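# Survey of secondary and tertiary structure
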Amino acid sequence: MRAELDTAVVEHARAVAAAAQEEFFALESERAVVVSAVAGAGKSRLVVDTVVECRRRRVRVAVCAPTNEQVFGLVRAIAESDPTRTVAYLPARSIEVPGSVALENVKIVTESHEADETDVVVGTARKLADAHHPRSSQARALGARDALIMDESFQVDSTQYFAVADLAPRHLLVGDCGQIHPFSTVAEGLQWRGLATDPLETAVGVLLAHHPRTRVYRFPLTRRCDARAVPVMRHFYPASHRFDAAVPEGVRQMKLGRASSVSSRNAALDAVLDTAARCGWALAELPGACTRSADPEIACTIVALLVRVGERGCTLACERHPEGAALEMRRVAIAVAHTDQKLLLRALCDAAGLSDVTVNTANQLQGLEFDLTLAWHPLAGLARPDEFHLEAGRLCVMCTRHRHACIVVGRHSDRELLEGVAPAIPVYPGAYQSDAPQGWDVHRAVMAALEPFTVDVDGVGG
């Protein structure tokens, strides 16, 4: 087994993190620094390290993220970074705080002003904004801070950013430009697109539009995915964002038990699993067809693959467990695009004894990490591609949750959808343009990159 980490890549990342932090602390009033990172780069680690440094420098800081789940993780990580220091957590009144957050040094605040006593306050961007600008004249507001740190800032929309921006004069925005950006379910009336106050712009997008001289640091590594994943991952990010894997090829090994059955059905499943174990990727292709969203054949194939993993047994070796450890189903996830797919798979997994497997949409899986993931390809079974299913961020999330292997399941006709001329997708003059590639090009590039790992699974499922 090779060296566990590529020290040159890791040291380069540390230097970038240090430079970003130093510029953040040197900022004058009403300025910001952006740190753009790829999936699994250690964004939350950077946030926690910066909070620790804020405390050392006696900088009172507010930390936020877009979702409650992301905030839960931040609260716990910040609290564990120094068990002797109190962290104020400001949840919405309707939120049931999980036990993992209820640590001894976490102060769960119900009245906003009570957080003023602590040097670190954490909450969702919406909650901190509401606390700083209470609707009731009787309520006492959350006091201003010296600095604001926003995690997952490419998933925070501009309205949330505008609302919380005046909480502090200096900002650090950390995020992944390749993941799913803010969106709206409103089908018509998008007259605001391209305006300076466009509510669907990202926090980073609106910041750079109004302050184009803001410094952007690009994190040059991924810690989650190993070197085998990087050639596919690069298609989700601009060419200017150069990065490598902290974990070299050969360190992580997925070992499956001997295949005991010679049936054609199991042979096809084994071929997919063996490819994923050897290469870190597999594209399982069913015959081409136009189907409904919750395609039962794809769902059954995904479940059959996981059942086969259980039958063969799977051991994972890596930098964390060089001696090897059995794959646990709680460390397996299935990523889908639609809720009806999620509900169908949840029922099938439960019936197959796979209740520990996580099944969720890409939107809900952002920021999470697993050992093995299976992705229901967004284009599978479509009659024609559209803006939603061509969203590059959705495919990025699906293909970047894994540490060891990712199995994409789709249909041969998905390739045909990507031939010819790209579909008409609305363009809004004046809208901030992300440096992420367009969805059509990303899907074509990823499909080509997965070509060497494609396995025909005709006849499986149903």
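Attention in this report is confined to the structure presented alongside it. The structure displayed is predicted, hence computed values, not measured ones. (Residues numbered from 1 in each chain as written. Predicted model: local features only at pLDDT ≥ 70, side-chain atom pairs only at ≥ 80, totals over all residues. Heavy atoms only, no water.)

## A closer look at the overall build of the protein
- A count of helices and strands for the protein gives 14 helices and 19 strands.
- The long-range fraction of contacts in the protein, counting pairs at least 24 apart against all pairs at least 6 apart in sequence, stands at 77%.
- Looking at the protein, you have 49 positive and 57 negative side-chain charges, and the mean spots of the two groups are 3 Å apart. (Helix = DSSP H or I, 4+ residues; strand = E, 2+ residues; numbered from the N terminus. Contact = heavy atoms within 4.5 Å. Lys, Arg positive; Asp, Glu negative; His and termini not counted. Charge placed at Lys NZ, Arg CZ, Asp CG, Glu CD.)

## Thoughts on the packing of aromatic side chains
- Applying the stated criterion across every chain, the model contains 3 aromatic pairs.
- Between F72 and Y89, the ring centres sit 6.3 Å apart and the planes meet at 85 degrees, which makes this aromatic pair edge-to-face. One end of the pair, F72, is in helix 3 (residues 68-81); the other, Y89, is in strand 3 (residues 87-89), with 17 residues separating them in the sequence.
- Exposure remark for Y89: the relative accessible area of 1% places this residue in the buried category.
- Residues Y237 and F243 carry aromatic rings whose centres are separated by 5.7 Å and whose planes lie at 80 degrees to one another, so their mutual orientation is edge-to-face.
- Assessed through its relative accessible area of 2%, F243 is described here as buried.
- Just above the ring of F388 sits the side chain of R394; from NZ or CZ to the centre is 3.8 Å. (Phe/Tyr/Trp six-rings, centres within 6.5 Å; stacked < 30°, edge-to-face > 60°. Buried < 20%, exposed > 50% of the residue type's maximum accessible area, 1.4 Å probe, protein only. Lys NZ or Arg CZ within 6 Å of the ring centre and 35° of its normal.)

## Focus: helix 14 (residues 439-449)
- Of the residues making up helix 14, those classed as buried are G439, W440, V442, H443, V446 and M447. Looking straight down helix 14, one finds its buried side chains confined to an arc of 165 degrees; they lie on one side.
- Those residues of helix 14 that are buried are in contact with helix 7 (230-233), strand 12 (281-286), helix 12 (392-398) and helix 13 (413-417). (Arc of directions from axis to C-beta.)

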